[in-house]
Amino acid sequence: MSCVFCDIVNKKIPAFVVAENKNAIAFLDINPIADGHTVVISKKHYANLRECPDEVLSDMIKLSKEVANKISESKLKPWGFNYLSNDQKIAGQEIMHVHFHVIPKYGKHEGFKFGIGTHYVDEVKKVYTILNKK
């Protein structure tokens, strides 16, 4: 099965790479929702965050921070950032290769916006008990 992010890592598809380290690479999103919107991916294929080794995740987070600092220090001058990772199609993951979005914010109603809906399984105390049951 073909993976567009693996193709970017293997230089089969061109990308505007802004930074990289041992385990991760960062490039500008081709469908940005803000100037400087960057995607940070693992160099090796892992479907999602849960499957990704801690060392690789650590390098991805470090690279996300480096990218945010690079954007902040540029002429873009965002007011803040959203950091986003989706896990599975139901959560909005479109490419099944672990990745983070680093999305600059230039105004409250611009770029990425939360659309928070709620679904309560039960009282918080009951959920806590479910999660900690051995």
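Here we summarise the structure given alongside this text. (Residues numbered from 1 in each chain as written. Predicted model: local features only at pLDDT ≥ 70, side-chain atom pairs only at ≥ 80, totals over all residues. Heavy atoms only, no water.)

On to the side chain of Asp59. Turning to its location among the elements, Asp59 is positioned in helix α2 (residues 54-72). As a buried residue without a salt bridge, Asp59 has its nearest oppositely charged side chain in Lys62, at a separation of 4.4 Å. Other than its neighbours up to four places away in sequence, Asp59 contacts Asn21, Lys22, Asn23 and Ala24. (Helix = DSSP H or I, 4+ residues; strand = E, 2+ residues; numbered from the N terminus. Buried < 20%, exposed > 50% of the residue type's maximum accessible area, 1.4 Å probe, protein only. Lys, Arg positive; Asp, Glu negative; His and termini not counted. Salt bridge = Lys/Arg side-chain N within 4 Å of Asp/Glu carboxyl O. Contact = heavy atoms within 4.5 Å.)

Across all of its chains, the model carries three salt bridges by this definition. In this structure, Lys43 engages Glu20 in a salt bridge whose closest nitrogen and oxygen atoms are separated by 2.8 Å. Of the two residues, Lys43 is situated in the loop between β3 (38-42) and α2 and Glu20 in strand β1 (residues 17-20); the sequence distance between them amounts to 23 residues. Close ionic contact of Lys22 with Glu55 constitutes a salt bridge, the shortest N to O distance being 3.2 Å. Pair noted here: Lys22 is in the loop between β1 and β2 (24-28) and Glu55 is in helix α2, with a separation of 33 residues, a long-range link.

Our focus in this paragraph is the nonpolar core. Ranked by internal contacts, the top residues of the largest apolar core, which has 20 residues, are Val40, Cys52, Met60, Leu63 and Val67. Broken down by secondary-structure element, the contributors of at least two residues to this core are β2, α2 and β5 (99-105). Of all the elements, α2 adds the most residues to this core, at seven residues. Excluding anything up to four places from it in sequence, Val40 contacts Ala24, Ile25, Ala26, Met60, Leu63, Ser64, Val98, His99, Phe100 and Val102. Cys3, Phe5, Cys6 and Ile41 belong to the second-largest nonpolar core, a separate cluster that totals nine residues. (Core = buried A, V, L, I, M, F, W, Y, C linked by side-chain atoms within 4.5 Å.)

Here the focus is the pairing of β1. Residues in a regular strand project their side chains so that they alternate between the two faces of the sheet. Note that β1 and β2 share three bridges and pair antiparallel. Looking at the pairing, Glu20 lines up with Ile25 of β2. Between β1 and β2, which pair antiparallel and follow one another directly, the connecting turn spans three residues. (Pairing = 2+ DSSP bridges.)

Attention shifts here to unusual backbone geometry. Its identity is not glycine, yet Lys11 carries a phi of approximately 60°, on the positive side. On the secondary structure map, Lys11 appears in the loop between α1 (4-9) and β1. Despite not being glycine, Gln88 shows a phi value in the positive range, around 85°. Mapped onto the elements, Gln88 comes out in the loop between β4 (80-84) and β5. When its relative accessible area of 34% is taken as the criterion, Gln88 is described as partly exposed.

Shape descriptors only; they carry no functional weight alone.
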